[in-house]
Amino acid sequence: MKGQKWYQQETVVESYEDKRFSRGGGRLTDRLEKEAVFEKLAPIEDKKVLEIACGTGRFSVMLAEQGADVVGLDISAPMLGEGRAKAQRAGVDDHLKFMRGDAARLPFPDDHFDAVFAIRFFHLADSPEEYIREMARVSNEQVVFETYNRFSGRALYNWALPMGSRLYSRREVETLLDAGQLYLVDETHEFVVPFGLYRKLPGGVAKAFRSAERGLDRTPLGDKLASISYWDAAVE
Ligand SMILES: C[S@@+](CC[C@H](N)C(=O)[O-])C[C@H]1O[C@@H](n2cnc3c(N)ncnc32)[C@H](O)[C@@H]1O
């Protein structure tokens, strides 16, 4: 598993959100990712949700604010520390619980949640099947996950990143769904311009880029070139 040690380091954790989501294009991608998660999981109110690899709780806190009953699980104590502080500031710590744990061995009984999801996680996995199986096991209804795509702009520079990322073809995602005994309900393909590049752009430029690529995003060509996909699946 890539990144397990990386996200234990205080310096990495302290700068995690600031570096990626606090300004310009980064802030825009944070908002768009939250909208995508919200849309996939809606209706949110009173839904029992598990987020695996929740990190600093970007999505867990947002969902708790919308009335979901949320558990955020992550292997990194410092990332969870940031999440707990955020939940307290947002006043949602009564229906959001953060737990330390390994997503390969979820400490919950079968069918315990209505929805289980993971964002910015599967690109780190060496053996993603073990994670999808666990997600499917503890969900009684819905599993949502995101992948970084093999045939996208990301492939051009992925090799140069310190950790690199696992990139997925559609076929690999289908194999993953089979491993979890899941069937696909909905899919969304976004970001022809990968979000790693977005975060280098000032806010105004990022917005202009986004509206230009939005048109392309919604076409079959845009779907093929998109750097990320959200997969919304149901348990069989
Ligand atoms: C790129 S961060 C994403 C955090 C969050 N999902 C987000 O989008 O902001 C990846 C996270 O995966 C967590 N992680 C890595 N391996 C894990 C594992 N086996 N079980 C649970 N969490 C894990 C890391 O600690 C880190 O917080």
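Residues numbered from 1 in each chain as written. Predicted model: local features only at pLDDT ≥ 70, side-chain atom pairs only at ≥ 80, totals over all residues.

## Observations regarding unusual backbone geometry
Rules: Secondary structure counts use DSSP, requiring at least four H or I residues in a row for a helix and at least two E residues in a row for a strand, with both numbered from the N terminus. Three exposure classes are used, all based on how many other C-beta atoms lie within 10 Å of a residue's own C-beta (placed from the backbone): buried at 20 or more, exposed at 12 or fewer, and partly exposed between those limits.
The amide bond that connects A42 to the next residue, P43, takes the cis arrangement and shows omega of -5°. With respect to the secondary-structure elements, P43 resides in the loop between α2 (24-41) and β1 (48-52). Even without being a glycine, A53 presents a positive backbone phi close to 55°. A positive phi angle, close to 65°, is found at F191, a residue other than glycine. The topology assignment puts F191 in the loop between β6 (182-190) and α8 (195-198). Looking at F191, the number of C-beta atoms within 10 Å reads 26, which means it is buried.

## Regarding the packing of α2 against helix α9 (residues 203-217)
Going by this rule: Structural elements are reduced to axes, namely lines fitted to C-alpha atoms, with helices fitted over the stretch in contact, and the angle between N-to-C directions of any two is expressed from 0 to 180 degrees. To sort the angles, those under 35 degrees are grouped as roughly parallel, those over 145 as roughly antiparallel, those from 65 to 115 as roughly perpendicular, and the leftovers as oblique. Each crossing gets its handedness from the near helix: less than a right angle anticlockwise from the far helix is left-handed, clockwise is right-handed. Note on contacts: residues are paired as contacts if their backbone-placed C-beta atoms lie within 7 Å.
Packing of α2 against α9 leaves a shortest axis separation of 7 Å and a crossing angle of 50°. As far as their axial angle goes, α9 and α2 are oblique. Both α2 and α9 take part in a crossing whose hand is right-handed. For the pair formed by α2 and α9, the contact residues are G24, G25, R27 and L28 on the first element and G203, A206, K207 and R210 on the second.

## Quick notes on the sheet that holds β6
Keep this limit in mind: Pairing between strands requires that DSSP locate at least two bridges from one strand to the other.
Sheet architecture is open: seven strands sit in the order β3-β2-β1-β4-β5-β7-β6, paired in mixed fashion. A strand with exactly one partner marks an edge of an open sheet, and here the two such strands are β3 (96-100) and β6. Put simply, the sheet's adjacent strands are angled 15° from each other on average, direction ignored. By the bridge criterion, five bridges tie β1 to strand β2 (residues 69-74) in an arrangement that is parallel. When the sheet's bridge partners are listed, I52 is paired in β2 with L73.

## Concerning the packing of α2 against helix α3 (residues 58-65)
Our working definition: Each residue is assigned to one class: nonpolar for Ala, Val, Leu, Ile, Met, Phe, Trp, Tyr, Cys and Pro, charged for Asp, Glu, Lys and Arg, and polar for all the others, Gly among them.
Where α2 contacts α3, the two axes come as close as 10 Å, and the packing angle between them is 55°. By the angle class used here, α2 and α3 are oblique. Remark: the crossing between α2 and α3 carries right-handed chirality. On α3, the residues touching D30, K34, V37 and L41 of α2 are R58, F59, M62 and L63. Looking at the contact of α2 with α3, its residues break down into five nonpolar, no polar and three charged.

## Describing α3
The element α3 is largely enclosed, with a buried count of seven among its eight residues. Regarding α3, the residues found buried are R58, F59, S60, V61, M62, L63 and A64. Residues of α3 that are buried sit in contact with α2, β1, β2, α4 (77-90) and β3. Looking one or two residues past α3, G67 carries a phi angle of roughly 100°, positive in sign.

## Notes on the environment of G101
Mapped onto the elements of the fold, G101 is located in the loop between β3 and β4 (113-118). Overall, the presence of 15 C-beta atoms within 10 Å leaves G101 in the partly exposed class. Note: C-alpha distance between G101 and M163 (62 residues apart in sequence) is 22 Å. Those residues in contact with G101 that lie beyond four places of it in its chain are L73, I75, L106 and P107.

## Topic: the pairing of β2
Rules: By convention a crossover is right-handed if, when the strands point away from the viewer, the path from the first strand over the helix to the second runs clockwise.
With five of six residues buried, β2 lies mostly within the body of the structure. Between the parallel elements β1 and β2, the chain passes through α3 in a crossover that is right-handed. Sheet topology note: the β2/β3 ladder contains five bridges and is parallel. Across the sheet, the residue bridging to D74 is R100, located in β3.

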